[in-house]
Amino acid sequence: MKLAELQELERRWVVHTYARMPVEFVRGEGARLWDSEGKEYLDFLAGISVCSVGHCHPAVVEAVREQVGTLTHTSNLYLTEGGVRLAQRLCESSLGGRAFLCNSGTEANECAIKLARKHAHGRGTSEPEIVVLEGAFHGRTMGPLSATPGLAANPSFAPYLPGFRVVPREDPDALIAAVGDATAAVMLEPIQGETGVNVVPDELILAAREACDRAGALLVFDEIQTGMGRTGSLWAYEQLPARPDVMTTAKALGGGLPVGACITNEATMDVLEVGDHGSTFAGGPLVAGASLAAFEVIDDPALLRRVRDLGGRFCEGLDSLDGIAEVRGRGLMVAAELVGADAKETASRALGEGLIVNPIGERTLRFLPPLVIGEAEVDEALGILGRMLD
Ligand code: PLP
């Protein structure tokens, strides 16, 4: 089908919630995508950090191929091995408690919000509050949407869930002042991805940890974008001065398939009990198989070291380009602030040059390449950007 025909069909049949680039991808391999006209692209977005193992990683393909012909779904009324093994792998690699598996990032955060509220009720707090940061993005269903200050300002979907208190991202004192007896949790992304790859300062992370400990509240990290190796450690918190009590993750967790998880520490692993939460599709054998295969690829010290090295190489390269005012991020989660150029227009031109990058503000480009790229791909992307911004 021609691109124009597909666009026409989409306009007629798909709810208009997405502003899509004019391209139809039909195939992917590693860090490369091909469109319906056979043109090749270098993918520096990886499906918004979902395809961290690259497109169609052979181990993920094999796991899915084998599982899809054996057993795909039974519901959570019964046991299947993959979901249990995935929960074990998630907990053993992080907070040591238990995992609730789900199908997306926003659902992982719904689970964390319910867990934090129930935990607070257990302490006798009747109207629990969750403290969130300005610039946060926690998802699009009503709970996480209410925790996302930039979106919860939109009157179209009011009333929002009550009980979220917003503090600045870089003001530890304001956070300390906002945490008290009513606080169920402080919820934050170690690096805010959707609103500009803004690194939350260590001082704020430490202040949040100490304030939560004083109040008996939970520190919840949303590692939906930062997790699974993106920043050069399996979990971003490993490079921070504090550990969360509860963590959510999704995106790269499924190796390209939809999986999310809310992971607890030992102290909070019994908060949610039978009947408190559930999901029909969650943790089924097909997605669990894909996820375990992705874990095997990413949870590798050599790969994680390369993510840090390549991230450094890419940031240095960006820094040296004309037309870039600021570069920020960690590992292969990077943003560049353009001097004069419009980010959307620059991303469109890059697409024309065969490079996929993501505009996330008037002047901000975001880069989330697959974690399996090499020096050659980093240099190729820098070459294209350099020529374009020159
Ligand atoms: N939290 C963070 C930090 C995210 O980056 C995202 C998605 O971009 C979400 C939550 C929501 O995830 P999903 O789109 O899978 O619901």
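Before reading further, recall that the structure is shown in the block above.
Note that residues are indexed from 1 along each chain, following the sequence as it is written. Given that this is a predicted model, residues contribute local features only at a pLDDT of at least 70 and side-chain atom pairs are listed and counted only at 80 or more, while totals for whole chains, interfaces and linings are drawn from all residues. With hydrogens and water set aside, each side-chain value is computed from the structure's full complement of heavy atoms.

## Some words on the overall build of the protein
Note on conventions: DSSP H or I runs of at least 4 residues are helices, E runs of at least 2 residues are strands, and numbering of each starts at the N terminus. Along the protein, the regular secondary structure elements total twelve helices and 17 strands. Every radius of gyration here is taken over C-alpha atoms, with the globule rule written as 2.2 Å times N^0.38, N being the number of residues. Compactness check: the protein gives a C-alpha radius of gyration of 21 Å against a globular reference of 21 Å for 390 residues, within 12% of the reference. Projected onto its principal axes, the C-alpha coordinates of the protein cover approximately 60 × 50 × 45 Å. Buried residues are those whose accessible area, probed at 1.4 Å on protein chains only, stays under 20% of the maximum for their type, while exposed residues exceed 50% and partly exposed ones sit between those limits. In the protein, buried positions account for 52% of the 390 residues. The contacts in the protein between residues at least 6 apart in sequence include a share of 70% that link residues at least 24 apart. Here the Shrake-Rupley method, with its probe set to 1.4 Å, supplies the accessible areas, and only the displayed protein chains count as covering residues. Only carbon and sulfur atoms are counted for the fraction: they give 52% of the accessible area of the protein, which is about 17,400 Å². Both charge centroids of the protein, one from 34 positive and one from 54 negative side chains, sit 3 Å from each other. Should any heavy atoms of two residues lie within 4.5 Å, those residues are counted as being in contact. Counted as positive: Lys and Arg. Counted as negative: Asp and Glu, with His and the chain ends omitted from the count. By convention, the charge on Lys lies at NZ, on Arg at CZ, on Asp at CG and on Glu at CD.

## What to know about helix α9 (residues 285–298)
Here the expected length of a helix is defined as 1.5 Å per residue gap, with one fewer gap than residues. Counted at 1.5 Å a residue, the expected span for α9 with its 14 residues is 20 Å, and the 20 Å between its end C-alpha atoms agrees. Of all 14 residues in α9, twelve are buried, a share of seventy percent or more. Inspection of α9 places P285, L286, V287, A288, G289, A290, S291, A293, A294, F295, V297 and I298 among the buried residues, and these make up the whole buried set.

## Notes on the environment of V220
Position of V220 among the secondary structure elements: in strand β10 (residues 218–222). A residue is classified by how much of its surface remains accessible, and V220, at 2% relative accessible area, is buried. Beyond its immediate sequence surroundings of up to four residues, V220 is in contact with A112, A185, V186, M187, L188 and V246.

## Remarks on the packing of aromatic side chains
The relation between two aromatic rings is expressed through the spacing of the ring centres and the mutual angle of the planes. The rule is short: rings of Phe, Tyr and Trp, with Trp giving its six-membered ring, pair when the centres are within 6.5 Å, and they are stacked under 30 degrees, edge-to-face over 60, tilted in between. Taken as a whole and assessed by the stated rule, the structure comprises four aromatic pairs. Measuring from centroid to centroid gives 5.4 Å for F44 and F314, while their planes differ by 65°, and the two rings are edge-to-face. Note that F44 is positioned in the loop between β3 (40–43) and α2 (46–49) and F314 in helix α10 (residues 301–319), a separation of 270 residues in sequence. By relative accessible area, which is 1% here, F44 ends up buried. Given a relative accessible area of 1%, F314 falls into the buried group. Considering the side-chain rings of W235 and F295, the 6.5 Å spacing of their centres and the 65° angle between planes classify their relative orientation as edge-to-face. Here W235, found in the loop between β10 and β11 (246–249), pairs with F295, found in helix α9; they are 60 residues apart in sequence, far enough to count as distant. Each member of the pair, W235 as well as F295, is classed as buried. Put simply, the rings of F44, F314 and F367 touch in pairs and so form one group of aromatic residues.

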